[in-house]
Amino acid sequence: MNPEQASTTPLPLDWVRAQFPALATDWILMDNAGGSVPLGSVIDRVSHYMARWPVQLGASYAPSAEAGKLLEDARESLAAMMVGADGARPAADELVVGSSTSSLVSRLARAIAPDLAPGDEIIVTDVDHEANITPWRRLAALGVKLRTWHLNLESRRLEIDDLRPLLNERSRLLCFTHASNLLGEATPVKDITALAHKHDARVCVDGVAYAPHRPLAVRDWDVDFYVFSMYKVYGPHCAVMFTRSDRLAELNNINHQFMDGMEGPGKLEPGGFPYELLYGAAGVPDYLAELGQRLDGGADDAQPWRAIADQEAALSSRLLDYLHSREDVEIVGSAGNLSSRLPTISFTVTGQRSSAIPPLCEPARIGIRWGHFYAPRLVERLGLTDRDGVVRISMVHYNTIDEVHTLIRSLDAGLDGLRG
Ligand SMILES: Cc1ncc(COP(=O)(O)O)c(C=O)c1O
């Protein structure tokens, strides 16, 4: 599957938008990297599960067994969604389900901690959301040495050449983002992972900002741990962590003590997982499959993603052209190649705090946002802390060119007004 091949059929946008009940509003929602709106089918599935299957799992009575089977099927269908070019995909029991990415990374750190020795090294970035930094930095209390892979200030990317000198025989783990939730550009996850593995280090990849836009070919990338949040991928408020089976087998159990020795994702799911949310989340692969049917009869798993990438490229390209055209606007991050750039676009305005900009668009009922987006180290590195961070416009495939035009008109009038 190659989502970067040209798509032939455009997205059926009217149908797409009709699948998301929350889009029936007069607000233009461009804060999607904070959270996308959920599919109607996801809402229906959550509600159906809660109404129909309010039982505990693991008992011998039929409804308990049936509910267990439905949830196994849901996990299976999320695993099937994470399919790569040659059809390779994770097994359902390689997916750990939890309430959020922050919670899953913390659990992973807790499960790894007993195996770390003083002097072992963990590499984190200063580009990531704090979810993939704080849990690792806290391990310094065990004598673990933390190294930082810094944003390259020239390219405004994470550069592999800056990573090389950080890896050595004490490196146990490299924690990095697949795409920054501010900079919007994807990192070459497969190459980075191959380099880490050469040094026998594992990788923990934050896929949160990438997952709403491109297929998650975790097997092709050969990652050890890959985490993303379903509430940013059109689903309910839960998260999924792909954990390669051999790595999962090595991890310590953080569930109840009497479960020590258990196999599978349960060892990282203390107290279980959110049943109705996992069941609801399976509405997302169903949506992609239906989109595929409408595009090409559903023969090609990659086709919906290609059409999504095309729509996103059209939105980004229009907005980037406009932002480039204004002398008082500086785009934060690389302008990027549109195939590796996601439609998450941040900028600053000369002489203005970023907090002054989103309110300019609110009278036109446009929701955009300013701040550090829980990546305060990145904002610090960029020297933007005192400017209230960046203004971020984050779009997904259900946004339209008309919406971008409305945003541009509103921003243009607002920015001209600020210049007086
Ligand atoms: C890139 C990135 N990583 C991690 C997270 C944390 O996700 P969660 O809210 O599921 O903990 C976010 C949330 O905004 C994010 O944007």
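Remember, predicted model here, so these are calculated numbers, not experimental data.

**Overview of the domain arrangement of the protein chain**
(1) Moving on: When cut into domains, the protein chain gives domain 1 (13–38 + 301–419) and domain 2 (42–285).
(2) Moving on: Centre-to-centre, using C-alpha coordinates, domain 1 lies 27 Å away from domain 2.
(3) Moving on: On the domain 2 side, the residues contacting the 42 residues of domain 1 number 35 residues.
(4) Moving on: Applying the counting rule to domain 1 against domain 2 returns 3 salt bridges.

**Describing the site of the ligand**
(1) Moving on: Around the ligand sit Ser100, Thr101, Ser102, His129, Ala131, Asn181, Asp206, Val208, Ser229, Tyr231 and Lys232, and that is every residue in its neighbourhood.
(2) Moving on: Take Asn181: an N or O atom from its side chain is 3.2 Å from an oxygen atom of the ligand.
(3) Moving on: Between the ligand and Ser229, the relevant distance is 2.7 Å, taken from an oxygen atom to a side-chain nitrogen or oxygen of the residue.
(4) Moving on: Expressed as a share of its isolated accessible area of 400 Å², the protein-covered part of the ligand is 89%.
(5) Moving on: Partitioning the shell around the ligand into residue classes produces 3 nonpolar, 6 polar and 2 charged.

**Description of the sheet that holds strand E12 (residues 369–371)**
(1) Moving on: Strand order across the open sheet formed by 4 strands is E9-E10-E13-E12, with antiparallel pairing between neighbours. The open sheet terminates on both sides in strands that have one partner only, identified here as strand E9 (329–332) and E12. Across the sheet, the mean angle separating the axes of adjacent strands is 35 degrees when strand polarity is ignored.
(2) Moving on: Here helix H12 (residues 303–325) sits on the sheet in contact with E9, strand E10 (344–349) and strand E13 (390–394), set at roughly 10 degrees to E10.

**Some points on the pattern of salt bridges**
(1) Moving on: Within this structure, the stated rule accounts for 33 salt bridges.
(2) Moving on: A salt bridge links Glu76 to Arg89; the nearest nitrogen and oxygen atoms lie 2.9 Å apart. With Glu76 in helix H3 (residues 62–81) and Arg89 in the loop between H3 and strand E2 (95–98), this pair connects stretches of sequence that are 13 residues apart.
(3) Moving on: Exposure remark for Glu76: the relative accessible area of 35% places this residue in the partly exposed category.
(4) Moving on: Two residues, Arg381 and Asp126, come together in a salt bridge whose shortest N-O distance is 3.7 Å. Of this pair, Arg381 sits in helix H14 (residues 376–381) while Asp126 sits in the loop between strand E3 (121–125) and helix H5 (134–137), and the two are 255 residues apart along the sequence.
(5) Moving on: Residue classification places Arg381 among the partly exposed positions, given a relative accessible area of 32%.
(6) Moving on: Assessed through its relative accessible area of 6%, Asp126 is described here as buried.

**Structural notes on the packing of helix H2 (residues 40–52) against helix H11 (residues 283–296)**
(1) Moving on: One can describe the packing of H2 onto H11 by two numbers: an axis separation of 9 Å at closest approach and a directional angle of 145 degrees. With respect to the hand of their crossing, H2 and H11 are arranged in right-handed fashion. Along the contact surface, H2 presents Ser41, Val42 and Arg45, while H11 presents Gly283, Val284 and Asp286.
(2) Moving on: Partitioning the contact of H2 with H11 into residue classes produces 2 nonpolar, 2 polar and 2 charged.

**A word on the sheet that holds strand E5 (residues 171–177)**
(1) Moving on: With mixed pairing, the 7 strands of this open sheet are ordered in space as E2-E8-E7-E6-E5-E3-E4. Two strands lie at the open edges of the sheet, namely E2 and strand E4 (145–149), each paired on one side alone. If you compare each strand with its neighbour and ignore which way they point, the axes differ by 20 degrees on average.
(2) Moving on: As paired strands, E3 and E5 are joined by 3 bridges and run parallel to one another. Counted as the bridge partner of Ile122 is Leu173 from E5.
(3) Moving on: Sheet contacts for H3: E2 and strand E8 (239–243); angle to E2, the most-contacted strand, approximately 115 degrees.
(4) Moving on: Helix H7 (residues 189–198) rests against E4, E5 and strand E6 (202–206) of the sheet, and its axis sits at about 170 degrees to E5.

**Points about the packing of aromatic side chains**
(1) Moving on: The tally for this structure, following the rule as stated, stands at 10 aromatic pairs.
(2) Moving on: On the numbers, 5.2 Å between centres and 65 degrees between planes, the contact of Phe273 with Tyr275 is edge-to-face.
(3) Moving on: Owing to a relative accessible area of 17%, Phe273 belongs among the buried residues under this scheme.
(4) Moving on: A relative accessible area of 17% places Tyr275 in the buried class.
(5) Moving on: Grouping aromatic residues by their ring pairs yields a cluster made of Trp15, Phe20, Tyr234, Tyr287 and Tyr398.
(6) Moving on: For Arg45, the ring lying beneath its charged end belongs to Tyr279, and the centroid distance is 4.1 Å.
(7) Moving on: The positively charged end of Arg75 is found above the aromatic ring belonging to Phe273, 4.7 Å away from the centroid.

Rules used in this analysis
- Residues numbered from 1 in each chain as written.
- Predicted model: local features only at pLDDT ≥ 70, side-chain atom pairs only at ≥ 80, totals over all residues.
- Heavy atoms only, no water.
- Domains from an automatic or database assignment.
- Contact = heavy atoms within 4.5 Å.
- Salt bridge = Lys/Arg side-chain N within 4 Å of Asp/Glu carboxyl O.
- Near = heavy atom within 4 Å.
- Polar contact = N/O pair within 3.5 Å; in protein donor to acceptor, adjacent residues only side chain to side chain.
- Areas by Shrake-Rupley, 256 points an atom, 1.4 Å probe, with all protein chains shown as cover.
- Nonpolar A, V, L, I, M, F, W, Y, C, P; charged D, E, K, R; others polar.
- Pairing = 2+ DSSP bridges.
- Helix = DSSP H or I, 4+ residues; strand = E, 2+ residues; numbered from the N terminus.
- Axes fitted to C-alpha atoms, helices over the stretch in contact; angles between N-to-C directions.
- Buried < 20%, exposed > 50% of the residue type's maximum accessible area, 1.4 Å probe, protein only.
- Left-handed = near helix turned anticlockwise from the far one by under 90°.
- Phe/Tyr/Trp six-rings, centres within 6.5 Å; stacked < 30°, edge-to-face > 60°.
- Lys NZ or Arg CZ within 6 Å of the ring centre and 35° of its normal.

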